[in-house]
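Below, each chain spelled out in residue letters.
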Amino acid sequence: MKGFTLVELLAIIILLAIIALIATPTIDNIIDASIESANHRSIEGYADAVRNEYYNQQTDGGIPVIDDAFLANVDTEGNEINCQNVLYSTEYQVILDKCTIADYTEKLYCYADGRHFDCDDSEFLSILQNGGGSSEIPEEPEGNLISTLLSQYNPDNTTGLVQDEANSNIYYYTGTNEEVSNNYLWYGGHHWRVVEFDTDANTLLLISQQPLTSISPASAGWESEEAYNNSYINTWLNEYFYNSLDSSVQNSIVSNTFNVGIYTDTDEITTSQKVGLLDEIQYTRAGGQDSYLDIKDSWWLGNRSSSSSVRYVNGNGRLLSALVSYADGVRAVIKISDITITGGDGTLASNYQVANKATNTNDVQVGEYINVPYSGSDNACGSDNICTFRVVSKDSDSIKVVLNGLLPTESQYGDTTTITTSHTIYTPLNTFANNISSDYRYTGNKTFYIGDYPFVSGTGQNYKDVQDETLSANVGLPTVGEMFSGNDIDLSASSDYWTMNRSNSSDVRFVNYYGILSRNSVSNANGVRAVIYLKSGTSAITFTGGEGTPQSPYVLQ
């Protein structure tokens, strides 16, 4: 047999090399395309699995996380979308939003790289494939509050978090502060305690930790729904207090049925409101006296005991009745949709929190705390010369703040009950205000309401009545009916403080250490709780630190 010559073999080798050179990229492309296709199918399955997890949670009664951080967004096609229900998949490390598009249809979107995508969008799948999902989770959410609270439940519990015997969807807290130590929530500028939650409706019932004001509740004990709805206390809660809340908090509040009947039959009268009062059964169920709801201040419940009196919790935690002419503390009660928590462990030292920090005095929320430097040498704000204030209200160019404490020395009011800037009480007030730098303090005059808030036995008084007289000044005292003119600070038995309002020709209203609005002669000495204004609007002050909480007030630049 004749073989190949050397020249022929070389020619064949060269030819095969050329063929290989031509074919290799094609084969590589085929292999790469196969891998990419497999990966794409894998990623599509990955996104489908996330969506399935969402639907399974819905089917199983689980609760998607509520997070307002994604409100007012647009999808990849430019459609405006409004996303509120956010699922953070711990298994798949992605965020899934249930969004309402401009035409009000609902659709699921995946969130990554600061944008919303269709979950099968190639750009989103690429981000997911390259590990971008987990890196885009903001603030590393811990989860929704109800799921977090449920982890505290044990079927053997007799105190702490227990399940309602009549409705297995309801869980509530009962016991002392030692037994109920992990249901504190800092939300919307206020310190709350979780009273109960509903795993079916995905709602939580909250009560403010402190009384937020002190007023008389009504002109008479309410004997109908209409009478309660027109009461002073209901107006304060659903007009004054509700309107002070940030819109994001208002949007989370759902209407709730409050039992406002007589205390022996609390649901004799019911009313649907955004904000209300705790009823006597709820207080008793929580443990009553010495329970976590007993704050050793005096505060109203939602039930009357007669045509002229209303039930309240006194400073010792006992359930009693008082004439409507008395002015006790008001603790707001709201029901909210489940929320995303971003920090805290639910204890007093570390409340559950929702990430919503302000950047300056323009976007601060009513109720939040601010630290302000003090230049005086009278130890008015401690050895560090930092005064802590709480935001009372906001207007176009300033925010009204109240000192979260009292000045070092008590003071007489003055010679008459109608306060002026020449009164004795204004000596410590002016000294204090002048030691707050004009870099921070609004130095123009503002309006303080100084009208009467009389005490007439058996007849309640409308808190709005104090608005018929005014004083123009740049510093003052808490006003009756104003936020935090109740007892939101810890006071000793001798730490009563004056308000701006008289009771009659010889007495002035003051808040005592139980948070009760009482009366005292102008010649007596009481504590001084200063109220000033800080710059806002075009002169807004930037915050350089802090979270606006009692534990971490905002720090001014």
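Refer to the structure printed above.
For every chain, the first residue of the written sequence is number 1, and numbering continues from 1 onward in sequence order. The model is predicted, so local features are restricted to residues of pLDDT at least 70 and side-chain atom pairs to those at 80 or more, both for listing and for counting; the totals for chains, interfaces and linings are taken over all residues. Hydrogens and waters are ignored; side-chain quantities use all the structure's heavy atoms.

Draft legend 1. Examining the overall build of the protein more closely. Secondary structure summary: the protein contains nine helices and 38 strands in total. Burial status follows relative accessibility: with a 1.4 Å probe on protein chains alone, a residue under 20% of its type maximum counts as buried, one over 50% as exposed, and anything between as partly exposed. The buried share among the 557 residues of the protein stands at 52%. Two residues qualify as a contact provided that any one of their heavy atoms is within 4.5 Å of a heavy atom in the partner residue. Considering only contacts within the protein whose residues lie at least 6 apart along the sequence, 60% involve residues at least 24 apart. Accessible surface for the protein amounts to roughly 24000 Å². Of this, 46% is attributable to carbon and sulfur atoms. A run of H or I in DSSP becomes a helix once it reaches four residues, and a run of E becomes a strand once it reaches two; helices and strands are each numbered from the N terminus. Note that accessible areas follow from Shrake-Rupley with a 1.4 Å probe, and for residues the cover is restricted to the protein chains shown.

Draft legend 2. Layout of the pairing of strand β33 (residues 507-511). With respect to burial, β33 is a largely interior element, five of its five residues being buried. Judged by which residues are buried, β33 turns out to be covered on both faces: Asp507, Arg509 and Val511 on one side and Val508 and Phe510 on the other are all buried. Two strands pair when backbone bridges link them, and strand β32 (residues 497-502) and β33 are joined in this way by three bridges, in the antiparallel orientation. When the sheet's bridge partners are listed, Tyr497 is paired in β33 with Val511. Any two strands are treated as partners once DSSP identifies two or more bridges connecting them. Where β32 folds back on β33, the antiparallel hairpin that results is connected by four residues.

Draft legend 3. How the structure looks around the sheet that holds strand β34 (residues 517-521). The strand order across the open sheet formed by three strands is β32-β33-β34, and the pairing between neighbours is antiparallel. Here the strands that pair on one side only, and so sit at the sheet edges, are β32 and β34. On average, each strand axis in the sheet is tilted by 45 degrees relative to the strand beside it, whichever way the strands run. For β33 and β34, the ladder comprises five bridges, and the chain directions are antiparallel. The partner of Val508 across the bridge, within β34, is Asn520. Axis definition: a line fitted to C-alpha atoms, limited for helices to the stretch in contact. Angles are taken between N-to-C directions and run from 0 to 180 degrees.

Draft legend 4. The pattern of salt bridges, seen in detail. The term salt bridge refers to a pairing of a side-chain nitrogen on Lys or Arg with a carboxyl oxygen on Asp or Glu at a separation within 4 Å. Taken as a whole and judged by the stated rule, the model has 13 salt bridges. Across the pair Lys446 and Asp397 runs a salt bridge, and its minimum N-O distance is 2.7 Å. Note that Lys446 is positioned in strand β29 (residues 446-449) and Asp397 in the loop between β26 (386-394) and β27 (398-403), a separation of 49 residues in sequence. The class for Asp397 is partly exposed, based on a relative accessible area of 27%. Linked by salt bridges that have partners in common, Asp290, Asp294 and Lys296 make up one network.

Draft legend 5. The packing of aromatic side chains, seen in detail. A pair of Phe, Tyr and Trp rings is counted when the ring centres sit within 6.5 Å of each other, with Trp represented by its six-membered ring. The angle between the planes then sorts it: under 30 degrees is stacked, over 60 is edge-to-face, the rest tilted. Tallied over the entire structure, the rule returns 16 aromatic pairs. Here the aromatic rings of Tyr413 and Trp498 are separated by 4.9 Å at their centres, their planes lie at 55 degrees, and the arrangement is tilted. Remark: Trp498 occurs in strand β32 and Tyr413 occurs in the loop between β28 (411-412) and α9 (426-434); sequence separation between them is 85 residues. Cation over ring: Arg311 sits above Tyr263, and NZ or CZ is 4.0 Å from the ring centre. In this scheme, Lys NZ or Arg CZ marks a charge over a ring once it lies within 6 Å of the ring centre and within 35 degrees of the ring normal. The ring of Tyr442 is capped by Lys446, whose NZ or CZ atom sits 4.6 Å from the centre of that ring.

Draft legend 6. Region of interest: unusual backbone geometry. Located in the positive-phi region is Asn202, a residue other than glycine, with phi close to 60 degrees. Here the phi dihedral of Lys296 falls at roughly 60 degrees; this positive angle occurs in a residue that is not glycine. You can see Lys296 is positioned in the loop between α8 (280-285) and β18 (299-304). Overall, Lys296 belongs to the partly exposed group, its relative accessible area being 36%.

Draft legend 7. Quick look at the sheet that holds β27. Spatially, the seven strands line up as an open sheet ordered β31-β36-β27-β26-β25-β38-β37, and their pairing is mixed. Unpaired on one side and paired on the other, β31 (475-476) and β37 (543-545) mark the two borders of the sheet. Relative to strand β38 (residues 554-556), β37 is paired through two bridges, and the arrangement is antiparallel. In the strand pairing of β38, Gly545 is matched with Val555.

Draft legend 8. Fine view of the state of the cysteines. A pair of sulfur atoms, both from cysteines and within 2.5 Å, is called a disulfide here. One pass over the full model with this rule turns up one disulfide. Residue Cys381 pairs covalently with Cys387 via a disulfide, S to S 1.8 Å. Measuring the twist about the S-S bond at about 90 degrees, one finds the Cys381-Cys387 disulfide to be right-handed. As far as burial versus exposure is concerned, Cys381 and Cys387 are alike and both buried.

Draft legend 9. Here's a closer look at the nonpolar core. The set of buried Ala, Val, Leu, Ile, Met, Phe, Trp, Tyr and Cys residues whose side-chain atoms join them within 4.5 Å is what this entry labels a nonpolar core. Counting 117 residues, the largest nonpolar core has Ile370 and Phe432 as its most contacted members. Excluding anything up to four places from it in sequence, Phe432 contacts Tyr374, Ala380, Cys381, Cys387, Phe389, Leu403, Leu407 and Ala530.

Draft legend 10. Expanded view of the pairing of strand β9 (residues 170-174). Within β9, five of the five residues are buried, which leaves the element mostly enclosed by the surrounding structure. The side-chain alternation of β9 yields two buried faces, one formed by Ile170, Tyr172 and Thr174 and the other by Tyr171 and Tyr173. Linkage of strand β8 (residues 160-163) to β9, two consecutive antiparallel strands, is achieved through a turn of six residues. As defined by bridge partners, β9 adjoins strand β11 (residues 190-198) across three bridges and the pair is classed as antiparallel. Bridging across to β11, Tyr171 finds its partner in Phe197.

Draft legend 11. Quick look at the environment of Tyr240. With respect to the secondary-structure elements, Tyr240 resides in helix α6 (residues 232-244). Note: C-alpha distance between Tyr240 and Gly481 (241 residues apart in sequence) is 8.9 Å. Excluding residues within four positions of it along the chain, Tyr240 makes contact with Thr235, Val392, Tyr463, Gly481, Glu482 and Met483. Reaching out from Tyr240, the side chain makes a polar contact with the backbone nitrogen of Met483 at a distance of 2.9 Å. Whenever a nitrogen or oxygen atom comes within 3.5 Å of another N or O atom, the pair is scored as a polar contact, on the condition that within protein one atom can donate a hydrogen and the other can accept it, and that pairs from neighbouring residues in sequence are kept only if both atoms are in side chains.

Draft legend 12. Broad picture of the environment of Leu185. Structurally, the position occupied by Leu185 is in strand β10 (residues 184-187). For the pair Leu185 and Leu145, spaced 40 residues apart in sequence, the C-alpha separation works out to 9.6 Å. When residues no more than four places from it in sequence are discounted, the contact partners of Leu185 are Leu145, His190, His191, Trp192, Leu206, Ile339, Asn351, Tyr352 and Gln353.

Draft legend 13. Highlighting the side chain of Glu280. You can see Glu280 is positioned in helix α8. Sequence-distant contacts of Glu280, defined by excluding residues within four places in its chain, comprise Tyr263, Thr266, Leu301, Asn303, Arg311 and Leu319.

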